[in-house]
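# Residue-level structure breakdown
The primary structure of each chain is shown beneath.
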Amino acid sequence: IEERFDAIVVGAGPSGNAAAYTMAKEGLKVLQLERGEYPGSKNVQGAILYANALEKLIPDFREDAPLERHIIEQRIWTMDDKSYVGMHYRSEDFNEERPNRYTIIRAQFDKWFSRKVREAGATLLCETTVKELLRDAKGKVIGVRTDRDNGVAFADVVILGEGVNGLVGQRSGLRSELKPDSVALAVKEMHFLPREVIESRFNLKDNEGVVIEAMGTITAGMTGTAFLYTNQESISVGIGCIVSDFAENGATPYGLLEAFKNHPSIKPLLANSECKEYAAHLIPEGGYNSIPELYGDGWIVVGDAGQFVNAVHREGSNLAMTTGRIAGETVVWLKRRREELSKANLAEYKRRLDETFVMKDLKKYRRIPAFLHNNKHVFGLYPKLVAAAAQTWFRVDGADKLSKEKEILKSFRKGRTLSGLIGDAFKLARSWR
Ligand code: FAD
């Protein structure tokens, strides 16, 4: 593959596919390299697809994309060992003509997306791992070396959509190693059930879907969350926590997932299902402050490799597609103007990104990772106090309501000092701004 291209894209996940699609559609000569046997074979996601980001690339994607269920109900749970306190939002408005969120199965979705990329004109080589970036005498990136025999390829720009580990970027000195306190390790299983069983358990019809996002004692005091998503004939269930917390706590991801599945509020939802798939993957959760250098002479970083994940809202694939699209558009724009793909010119990528929800949201939540890391009460004490308060409030036992209110206040004061409670509320409010 000793050939020259306008652009080489490393990775065929959502970010790489978005970049390759954008450039190929505009007539650029694009080579995409994927280490997996096929696009999606190495990828793990919950998975919720956010339509808006894909619509900007492929407006009619609903016609043939492998979509599972459109989400009409969101459940957010805070859990202790026996109960959950939940906020559920379900609306008929989500049964709209062009639903805004879908559950998907990544292996199928990535294959479909990759087909669109190839139809747009890009060349895809699978089972090809990029080992390092090639540079000219001035240090400008001019291509890649792969693990294939004589496997070098040259291009005006290399777009790194290689995912969270970002080994090519690391090896080439473009970014530092991942920090264990800014990356989560998540495990996920797929549980199969007949379609009608899922629909009756979750009160669904047609292709309606429900998602549950949960936090609390289920992560054994560590910073993390769990999820359960309904697909057509399966349920995706998973849990993830920050890697440095696992190291300190000694709990195992698999142990946490077993406990979550056996929680009295989750177990009946999975009853009699058959588990056919198990996967583990990292999620970059360091947020705005962990974003590495995003561009340089002849290179751009997109997606998880650039730490583009909004952990609070559990959005990643849409940030990946948006950063990939904007990187592709920037390259097309510079090429049309016959400008060099130098660091100074590629700064346009960052300027365009700053105008999008990607940077605005990550900037807004820049203090949240540190807040969650330093306030473990959020994952242990507070869920327990909230659950106990709910039980006190809802149990009818002859005690008068004023006494119940006092008991709830007392339990909060006992669990945390008044100054601690006020301090936590203040820190949360500050991080949220
Ligand atoms: P990836 O999807 O990781 O793709 C990178 C690709 O590059 C892979 O195909 C890989 O094989 C390839 N690659 C890597 N190195 C090389 C190399 N050297 N040479 C060639 N190819 C290479 N996001 C959501 O929006 N919604 C969700 O519900 C959601 N749930 C999630 C649940 C879990 C358990 C996990 C782990 C993540 C979840 N995410 C979710 C996040 C989402 O999966 C990622 O943000 C998204 O996949 C990032 O896309 P990407 O293209 O940057 O990276």
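The name given to the protein chain in an unreviewed UniProt entry is Protein FixC, with Methylocapsa palsarum as the source organism. Per its UniProt entry, the protein chain bears the Cofactor (unreviewed entry) comment "FAD". In its Sequence similarities (unreviewed entry) section, the UniProt record describing the protein chain reads: "Belongs to the ETF-QO/FixC family."

Across its full length, the protein chain holds 15 helices and 17 strands. Computed over its C-alpha atoms, the radius of gyration of the protein chain comes to 23 Å, within 12% of the 22 Å expected for a compact globule of 433 residues. Counting over 433 residues, the protein chain shows a buried share of 43%. Residue pairs at least 24 apart in sequence account for 73% of intrachain contacts in the protein chain once pairs closer than 6 positions are excluded.

Here the protein chain is partitioned into domain 1 (4-66 + 105-176 + 289-355), domain 2 (181-284) and domain 3 (372-432). The centre of domain 1, based on its C-alpha atoms, is set 45 Å off from the matching centre of domain 3.

Before going further, it helps to spend a moment on the nonpolar core. Counting 105 residues, the largest nonpolar core has Ala7, Ile8, Val10, Val30, Val158, Ile159 and Ile300 as the members making the most contacts within it. Two domains each donate at least three residues to this core, and these are domain 1 (4-66 + 105-176 + 289-355) and domain 2 (181-284). The residues touching Ile8, leaving out its near neighbours within four places in the chain, are Leu31, Leu33, Gly143, Val144, Ala153, Ala155 and Val158.

The next point concerns the UniProt feature "domain: ETF-QO/FixC ubiquinone-binding" (unreviewed entry) in the protein chain. The feature "domain: ETF-QO/FixC ubiquinone-binding" (unreviewed entry), as annotated in UniProt, sits at residues 205-282 in this numbering. What you have in residues 205-282 is 26% helix and 44% strand, and the ends, taken at the C-alpha atoms, are 34 Å apart.

Once that is clear, we can look at the site of the ligand. If you check the shell around the ligand, you find 40 residues, and the closest are Gly11, Gly13, Gly163, Gly303 and Gly316. Secondary structure elements with two or more residues in the shell around the ligand: helix H1 (14-25), helix H4 (167-171), strand E11 (183-192), strand E15 (274-284) and helix H9 (317-336). Tallied by class, the residues present in the shell around the ligand amount to 15 nonpolar, 17 polar and 8 charged. Of the domains in this structure, domain 1 (4-66 + 105-176 + 289-355) and domain 2 (181-284) are the two that each give at least three residues to the shell around the ligand.

Right, let's get into the UniProt feature "domain: FixC-like C-terminal" (unreviewed entry) in the protein chain. On the UniProt side, "domain: FixC-like C-terminal" (unreviewed entry) is annotated at positions that read residues 369-433 here. Strand forms 0% of residues 369-433 and helix 77%; the C-alpha atoms that close the span are 13 Å apart.

Contact geometry of H1 with helix H3 (residues 106-119) gives a least axis separation of 8 Å together with a crossing angle of 20°. The orientation of H1 with respect to H3, classified from their angle, is roughly parallel. The interaxial crossing formed by H1 with H3 has left-handed handedness. Side by side, H1 and H3 meet where Asn17, Ala20, Tyr21 and Ala24 of the first sit next to Phe113, Ser114, Lys116 and Val117 of the second.

Within the element layout of this structure, Glu55 appears in helix H2 (residues 51-55). Separated by 45 residues in the primary sequence, Glu55 and Asn100 have C-alpha atoms spaced 9.7 Å apart.

Counting buried positions along strand E9 (residues 141-146) gives 5 out of 6 residues, so the element sits mostly inside the fold. Following strand E8 (residues 130-135), the chain reverses through 5 residues before pairing antiparallel with E9; Gly139 in that reversal takes a positive phi of roughly 95°. Here 3 bridges tie E9 to strand E10 (residues 152-160), and the two strands are oriented antiparallel to one another. Each bridged residue has a counterpart across the sheet, and for Val144 the counterpart in E10 is Ala153. Linking E9 to E10, which pair antiparallel, is a turn of 5 residues; within it Asn150 sits at a positive phi near 50°.

Here the focus is the environment of Tyr38. Note that Tyr38 resides in the loop between strand E2 (30-33) and strand E3 (48-50). For Tyr38, a count of 15 C-beta atoms within 10 Å gives the class partly exposed. The residues contacting Tyr38, other than those within four sequence positions of it, are Lys111 and Cys126.

What follows covers the confidence of the model for the protein chain. When pLDDT is low, close inspection of the predicted coordinates is not appropriate. Overall, the predicted model of the protein chain reaches an average pLDDT of 95, with 100% of residues at or above 70. On the interface metric, ipTM, the complex scores 0.99, and its pTM is 0.96.

Unusually for a residue other than glycine, Asp206 sits at a positive phi of about 50°. With respect to the element layout, Asp206 can be found in the loop between helix H5 (195-202) and strand E12 (208-216). A count of 10 C-beta atoms within 10 Å places Asp206 in the exposed class. With a phi close to 65°, Gln307 is a non-glycine residue in the positive phi region. As for its placement among the helices and strands, Gln307 is situated in the loop between strand E17 (299-301) and H9.

Rules of the game
Residues numbered from 1 in each chain as written. Predicted model: local features only at pLDDT ≥ 70, side-chain atom pairs only at ≥ 80, totals over all residues. UniProt positions renumbered as here; feature names shortened; annotations may be inferred. Helix = DSSP H or I, 4+ residues; strand = E, 2+ residues; numbered from the N terminus. Rg over C-alpha atoms; globule rule 2.2 N^0.38 Å. Buried ≥ 20, exposed ≤ 12 C-beta atoms within 10 Å, placed from the backbone. Contact = placed C-beta atoms within 7 Å. Domains from an automatic or database assignment. Core = buried A, V, L, I, M, F, W, Y, C linked by C-beta atoms within 7 Å. Near = placed C-beta within 6 Å. Nonpolar A, V, L, I, M, F, W, Y, C, P; charged D, E, K, R; others polar. Axes fitted to C-alpha atoms, helices over the stretch in contact; angles between N-to-C directions. Parallel < 35°, antiparallel > 145°, perpendicular 65-115°, else oblique. Left-handed = near helix turned anticlockwise from the far one by under 90°. Pairing = 2+ DSSP bridges. pLDDT = per-residue confidence, 0-100.

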